[in-house]
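# Descriptive analysis of the structure
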Amino acid sequence: MGAVRLVLRSQLRTHHWPLLGLTLLVAMAGSVTLAAAAGARRTASSFERFAAATLARDAAIQLDLPGAVATGVGGRGRPRPYPVPARGPGLAEPDLDMAVIASPDGWGRDIDRGQQALAADHPIDLSSYSHPRLPGNLANIDRTRGIVVSLGASFAVLGAIAVGHALVVAGRRQRRDAGVLRALGFLRRQVRAMFAWHSATAAAVAVVAGLPIGVAAGRWVWRAIVGDLGLIDDPTVPAVALAAIGPLSLAVAVGLSWIPGRQASRLSPSVLRAE
Amino acid sequence: MSEGTAAVLGMQGVRKTFEADNAPVRALRGLDFSMLPGEFVAVMGPSGCGKSTMLNLVAGLDSVDEGEVVLDGERIHAMSEDELARMRRRHIGIVFQFFNLLEGMTVLENVALPAMISGLKRKPAETRARDLLDLLGLADKTNQMPGVLSGGQRQRLAIARALANRPTLVLADEPTGALDSEGGQEILELFRRLHTDGQTILMVTHDDDVAAAADRIVRMKDGRLEGAAPSPVPGPPAPALV
């Protein structure tokens, strides 16, 4: 292991910059995409809650029921009641009970479950329904979530291809070194291990350095977007997805190192005579 | 070969054929060869006579088609790839024409590496490496990278690396081929000192002057030994090195 570690260090000294740069780029691009996607989801979701409550209150006003306790159901069709203290001007009398279900997307699907949920909490009859819709610009942003996630996936695939290509190229450059190591007594599996460690180390450094930078950059981009739209930013970090990036990157990096590692390990040390 | 002394290297009826584009190339055609411990043998011959193939087979870098290769009692012709790699750790030190140093490692690391591959811990491996570098006149270069060394220094470094595991046999493939005459003489002097100290050396060369450093010269032709000749100029006595 000591010899592999020594060799790994020397390989990282001479062959790591393109690989590391690429991996860093991938980590950053993925993080930007993730943060933007999470921001889009969170902002749209917040708006749904806001819209549900607002429309519930508006319905109460239209029905001339000042003091109504309006309850909205929002959040992409989940039958989750959002109690809204709709006690603005003109809604001062608390003795009238009313519930309004507002659900931007889940109206048709979840209305019954929503009614049941509300009825359990508030023993009342439902007297009015409204169908809130996201404003166009927000709806557009919400729709871009799929595009952003697809973009992220494309980044990941392209990044994996680029890293794989870099590994193969690095493997060719390391061909002579692998031959020297075999001549000195490295076993085939030690050559493969050298490639795997090389790749994993580059990925680990990229994740450690790239993720925080990527998340910060993603947040900055998203804040700029919602600021332009006049919305309140509701920051969130997709912790689970980000936590998965580390092990996933290592697994992909080690997997990608298999091909050049195998090629190098099968190389006959007699190739050194020709160089 | 003196009677009663076991050969450190024995090759019997060794045949090796390479597949070429048009026709198979018979590199070795029943080679018989042996070396005693402490011998310094130079193998000479025209290009394509099979001398490099012979060196590769002894080093376990290539496999024989037919025949036997026995090194220090071990039948290396029957070994697997990994067994050959382990054999190289114990028995073989290789000096290449073009050095084949690891450019990402310091001088000290290059020499310590073979011992670490053999399982030695880093500290004792570096201690051994420092001793060797000191003996080969590279003590002040330990933390430098090989790229900054001269050709002669690089080859001395390669020799130090070859000696790191106290090998049974040092194989040298045109060790002066990439050096100027001064650097070449420096390396030959080094080999003579190693030989004086008892190191067994098998060297392949085209050059008569280089071969003269050996105490036995064998010539190859068409994949077989042509004959043996005594060294025309015995090297002067030199201080013990290793």
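Remember, it's a predicted structure, so these values are computed and weren't measured experimentally. (Residues numbered from 1 in each chain as written. Chains lettered and ligands numbered in written order. Predicted model: local features only at pLDDT ≥ 70, side-chain atom pairs only at ≥ 80, totals over all residues.)

What chain B contains, in helices and strands, is seven helices and ten strands. What you see for chain B is a C-alpha radius of gyration of 18 Å, in line with the 18 Å of a compact globule of 242 residues. By its C-alpha atoms, chain B is 50 × 45 × 40 Å across when sized along the principal axes. Counting over 242 residues, chain B shows a buried share of 50%. Once local pairs closer than 6 in sequence are excluded, the contacts in chain B between residues at least 24 apart make up 68%. (Helix = DSSP H or I, 4+ residues; strand = E, 2+ residues; numbered from the N terminus. Rg over C-alpha atoms; globule rule 2.2 N^0.38 Å. Buried ≥ 20, exposed ≤ 12 C-beta atoms within 10 Å, placed from the backbone. Contact = placed C-beta atoms within 7 Å.)

Now for the overall build of chain A. When you go through chain A residue by residue, the secondary structure sums to seven helices and four strands. Traced from its N-terminal end to its C-terminal end, chain A shows the element sequence α-α-β-β-β-α-β-α-α-α-α. Of all 275 residues assigned to chain A, the portion counted as buried reaches 42%. Put simply, of all contacts in chain A between residues at least 6 apart along the chain, 86% involve residues at least 24 apart.

If you look at soluble globular proteins, the nonpolar side chains tend to sit buried side by side. Judged by nonpolar contacts, the single largest core of 94 residues is most densely connected at V43, V58, V111, A160 and L171 of chain B. Per-element tally for this core: the top contributor is helix α3 (residues 107–117) of chain B, with eight residues. In this structure, V32, A202, I245 and L256 of chain A belong to the second largest nonpolar core, which totals 20 residues. (Core = buried A, V, L, I, M, F, W, Y, C linked by C-beta atoms within 7 Å.)

Residues and elements named next belong to chain B. Taking strand neighbours across the sheet as the criterion, the four strands line up as β2-β1-β4-β5 in an open arrangement whose pairing is antiparallel. Looking at strand neighbours, the two that pair on one side only are β2 (25–35) and β5 (74–75), the edges of this open sheet. As paired strands, strand β1 (residues 9–18) and strand β4 (residues 66–71) are joined by five bridges and run antiparallel to one another. If you follow R15 over to β4, its bridge partner there is E66. (Pairing = 2+ DSSP bridges.)

Quick look at the interface of chain B and chain A now. Where the parts come together, the accessible area they lose is often given as the size of the interface. Contacts between chain B and chain A engage 27 residues on the former and 22 residues on the latter. Those elements that provide at least two residues to the side of chain B that touches chain A are α1 (51–59), α2 (81–91) and α3 of chain B. Of the residues contributing to the side of chain B that touches chain A, the split by class is eleven nonpolar, five polar and eleven charged. (Nonpolar A, V, L, I, M, F, W, Y, C, P; charged D, E, K, R; others polar.)

By secondary structure assignment, the location of S257 of chain A is in helix α7 (residues 239–265). For the pair S257 of chain A and M194 of chain A, spaced 63 residues apart in sequence, the C-alpha separation works out to 9.4 Å.

This part takes up the environment of V107 of chain B. Residues and elements named next belong to chain B. Its place among the elements puts V107 in helix α3. When the 27 C-beta atoms within 10 Å are taken as the criterion, V107 is described as buried. For the pair V107 and G183, spaced 76 residues apart in sequence, the C-alpha to C-alpha distance is 18 Å. With residues up to four places along the chain from it excluded, the contact list for V107 reads L133, L138, K141, T142, Q144, P146 and L157.

All names here are of chain B. Most of strand β3 (residues 40–44) sits out of view: five of its five residues are buried. Neither face of β3 is exposed, since F40, A42 and M44 on one face and V41 and V43 on the opposite face are all buried. Where β3 and strand β8 (residues 200–204) come together, four bridges link them in parallel fashion. From the neighbouring strand, F40 faces β8, where its bridge partner is I201. Where β3 lies against strand β9 (residues 216–221), four bridges are found, and the strand directions are parallel. For V43, the partnering residue across the bridge sits in β9 and is V218.

Turning to the packing of helix α5 (residues 151–163) of chain B against helix α6 (residues 181–196) of chain B, a few remarks are in order. Residue and element names in this part refer to chain B. Following both chains from N to C, one finds α5 and α6 inclined at 20°, their axes separated by 9 Å at the closest point. By the criterion of interaxial angle, the relationship of α5 to α6 is roughly parallel. Crossing hand, α5 versus α6: right-handed. Residues G151, G152, Q155, R156 and I159 of α5 pack against G183, E186, I187 and L190 of α6. Among the residues forming the contact of α5 with α6, the class breakdown is three nonpolar, four polar and two charged. (Axes fitted to C-alpha atoms, helices over the stretch in contact; angles between N-to-C directions. Parallel < 35°, antiparallel > 145°, perpendicular 65-115°, else oblique. Left-handed = near helix turned anticlockwise from the far one by under 90°.)

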